[in-house]
Amino acid sequence: MEYLSNEIYYEIFDYLDGCDIYQSFSNLNHRFQQLLNSSSLLYKLKFHFKTYDLFINKYQYIKYLNRNQILSLNLSSKIHYIDQFFSSFNINSLFYQLRSISLEKVKSETLVTLLKDFIHLPCLTSLNIQSYDELLDLSQIYLLIFSLSKLKYLTISSNGFKDSLELPAYSTENHHEMSSIEHLNIDHHVTFKELSSIISYLPKLYDLDFVHEIEDDSTVELITYDELSKLTKISMTISDLNFNQMYIFLTKLPSTLKIFKFILWKIDIDYLDFEMWQNLIEEYFPQLDKFYFNYNAGCSDEDEWIFNGCMLNEFISPFWINRRLSVEISRDQNFISIKMKSYKKRWYELIAPNEKFNMNTSTLLSIQYIPDEDKYLKFLFEEIEWITDFATIHHLEITKPFFIGILNKIFDILPYLDSLKISSIILPTVTLLDDDELDQFENIAIYNSITKVYLEKMNTFDDVHFLLDLFPRLNYLQIGCQSDIDIQLFFQVIFMKIINKDDYNIRSLAITIPTADDQMIYRLLRIRASRMKLMVETGFAVGRFCKDKH
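Owing to the predicted nature of the structure, the values given are computational and were not obtained by experimental measurement. (Residues numbered from 1 in each chain as written. Predicted model: local features only at pLDDT ≥ 70, side-chain atom pairs only at ≥ 80, totals over all residues. Heavy atoms only, no water.)

K.L.:
Help me understand the pattern of salt bridges, please; the structure alone is not making it clear to me.
P.N.:
A side chain with one charge can pair with a side chain of the opposite charge if their charged atoms come near. All told, the structure shown has nine salt bridges when counted by the stated rule. Between Arg-346 and Glu-328 there is a salt bridge, with the nearest N and O atoms lying 3.9 Å from each other. Here the residue Arg-346 occupies a position in the loop between strand E12 (335-342) and strand E13 (364-367), and Glu-328 occupies one in strand E11 (residues 325-331), the gap between them amounting to 18 residues. Glu-328 carries the same exposure label as Arg-346, and that label is buried. Members of the salt-bridge network, linked through shared partners, are Glu-328, Lys-341 and Arg-346. (Salt bridge = Lys/Arg side-chain N within 4 Å of Asp/Glu carboxyl O. Helix = DSSP H or I, 4+ residues; strand = E, 2+ residues; numbered from the N terminus. Buried < 20%, exposed > 50% of the residue type's maximum accessible area, 1.4 Å probe, protein only.)

Here it is in structure tokens:
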């Protein structure tokens, strides 16, 4: 280690906590002592205080660090150790390299004092505040933040702030300062009036993220075009807002908008009018590069379908296809979500990287919750049927372990499935199945059209045997294996299974093995299989090879 250059150590230290660096290398030898005190080394300090002993242990090392070598401070605590920390650790102009500060669970009086001290930091460009103190005066906090002359990035979060924000809009008469903030993330609810007041201080703002949680907000009229004119990126999370008022706000956004992220937690079918979204983008946002849409609807009332009148297939049009946007529908225990986002290659496309993207067959359904009781399983099947009324599903993911028998009903509802990704499966005990149940599995094998399967966790070899029998049209199979698997025996068994089937179609097999190495790949190369392409995946490399039958 002593032969490594200082530059290499600086690069390594960039990934480590500053206190850990000092604790490990101080007093080691003269070279490291000089290295630790060099102005070329800037420390990133992270304090996540869980106990008093941990707090004291960390603090005893930070006392010895040069203040002018501290680049960032990231502090969080379940108890108010942050307040204790700053009671004996004063922020002043000696921290002239300090550029980023993140504070979580800081008391209101401590935060006010700190913000006043932060004025003395000439390089502070990023500030992240998370406070749950109900006594916090948010108007005072914002005005103190706006006085930080170099600040570019601000995130401010809380669910305990006062109900209203009494911040006056900026004017030359109130003697407040304009801010240099360019990126603003407001992670507490605001009305449009409050939003207007905040951004009136931010003439350089071009990246805005905010949360709006009330249904009727006529103060949207107070938002001006000039206040939003510099925006090129906006992310808005909406709960309950009236659709017409939302539309008014969107029409005030600048035509230069590049990135638009819209998240909704509300049952309102008007938001799922994709023709409206197309017209809105064409008319108001001609320069839009990225569009992300996430509609979330609670599904506690099984008797009322929440998407009546919606047709997601309207989304499959040249306008959306040219923007390479895809639809993903997910169902967890409490919500059904519809996401429209930039298309990224999925697991099954790695085998044909040059294949042309087909929007018409890209819709994905993700089931993230499988009920244990039959009566609730019935509701899940009904919801899947409802989904097929407005979207054609070609790809299915099931993220929880499940009994393989439920696929019979799911495949009846989703006849156009081409790919299936499953976390793990629970196999039936064949000797305990009655004739009807055996017929169900035979029907699955006969009528499904699945050609690609990804089993994320194989429990036994029988899992793969069962999948090969259940999906006779399969041409690609991907399997996640445990570290202790006898991989050579596994491949011999699987290859024999495939080759001995008269009607097998499988041509590609991908295996994820956490402990794969070159020696394992060499052993597998010696296994001969008919017309099989084998891909062994590790966390760092991918090896591919082909073997012809002799």
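K.L.:
When you look at the nonpolar core in this model, what are you seeing that I'm missing?
P.N.:
Across soluble globular proteins, nonpolar side chains have a tendency to be buried as a group. Phe-118, Ile-145, Phe-249, Trp-277, Leu-407 and Ile-410 are the most contacted members of the largest nonpolar core, which totals 161 residues. Formed by six residues, the second largest nonpolar core is a distinct cluster that contains Tyr-343, Tyr-348, Tyr-454 and Tyr-476. (Core = buried A, V, L, I, M, F, W, Y, C linked by side-chain atoms within 4.5 Å.)

K.L.:
Please clarify how the environment of Met-458 should be interpreted in this entry.
P.N.:
Within the element layout of this structure, Met-458 appears in the loop between strand E18 (452-455) and helix H16 (461-470). By relative accessible area, Met-458 is classed as buried at 5%. Separated by 23 residues in the primary sequence, Met-458 and Cys-481 have C-alpha atoms spaced 5.7 Å apart. If we skip the residues at most four places from it in the chain, Met-458 touches Asp-463, Val-464, Ile-479, Gly-480, Cys-481, Gln-482, Ile-485 and Phe-490. (Contact = heavy atoms within 4.5 Å.)

K.L.:
Honestly, the pairing of strand E5 (residues 153-157) in this entry has me stumped. Any pointers?
P.N.:
Strand residues, when the strand is regular, have side chains that alternate between the two faces of the sheet. Here strand E4 (residues 126-130) runs beside E5; their pairing, made up of five bridges, is parallel. Bridging across to E5, Asn-128 finds its partner in Thr-155. Once the chain exits E4 it traverses helix H7 (residues 138-146) before rejoining the sheet at E5, and the crossover so formed is right-handed. Judged from the five bridges that link them, E5 and strand E6 (residues 183-189) form a sheet pairing that is parallel. Paired with Ser-157 across the two strands is Asp-187, which belongs to E6. (Pairing = 2+ DSSP bridges. Right-handed = clockwise from strand over helix to strand, strands pointing away.)

K.L.:
Any chance you could explain a negative patch on the surface here in plain terms?
P.N.:
A cluster of like negative charges, contributed by Glu-213, Glu-215, Asp-216 and Asp-240, occupies part of the molecular surface. Topologically, Glu-215 is positioned in the loop between strand E7 (207-212) and helix H9 (225-228). (Patch = residues over 30% accessible without salt bridge, like charges linked within 9 Å, V, L, I, M, F, W, Y side chains within 5 Å. Areas by Shrake-Rupley, 256 points an atom, 1.4 Å probe, with all protein chains shown as cover. Lys, Arg positive; Asp, Glu negative; His and termini not counted. Charge placed at Lys NZ, Arg CZ, Asp CG, Glu CD.)

K.L.:
What exactly am I supposed to notice about the side chain of Asn-408 here?
P.N.:
Looking at where Asn-408 falls in the secondary structure, it is placed in helix H14 (residues 407-413). Among the residues examined, Asn-408 registers a relative accessible area of 17% and is labelled buried.

K.L.:
So what exactly am I meant to see when it comes to the packing of helix H10 (residues 243-251) against helix H11 (residues 274-284) here?
P.N.:
Taken N-terminus to C-terminus, the directions of H10 and H11 make an angle of 25°; their axes are 11 Å apart at the nearest point. What the angle tells us is that H10 and H11 run roughly parallel. Relative to H11, the crossing made by H10 is right-handed. Of H11, the residues touching H10 (which contributes Phe-243, Met-246, Tyr-247, Leu-250 and Thr-251) are Met-276, Trp-277, Leu-280 and Tyr-284. Here the contact of H10 with H11 is built from residues that sort into eight nonpolar, one polar and no charged. (Axes fitted to C-alpha atoms, helices over the stretch in contact; angles between N-to-C directions. Parallel < 35°, antiparallel > 145°, perpendicular 65-115°, else oblique. Left-handed = near helix turned anticlockwise from the far one by under 90°. Nonpolar A, V, L, I, M, F, W, Y, C, P; charged D, E, K, R; others polar.)

K.L.:
Hey, could you run me through helix H17 (residues 487-499) in this one?
P.N.:
Residues three or four positions apart in an α-helix share a direction because the helix packs 3.6 residues into each turn. Between its first and last C-alpha atoms H17 spans 18 Å; for 13 residues at 1.5 Å apiece the expected length is 18 Å, and the two agree. Within H17 the residues assigned to the buried category are Ile-487, Phe-490, Phe-491, Ile-494, Phe-495, Lys-497 and Ile-498. All buried residues of H17 lie within an arc of 160° about the axis, which places them on one face of the element. (Expected span 1.5 Å × (residues − 1). Arc of directions from axis to C-beta.)

Honestly, that's just the spatial picture; any functional story needs more than this.
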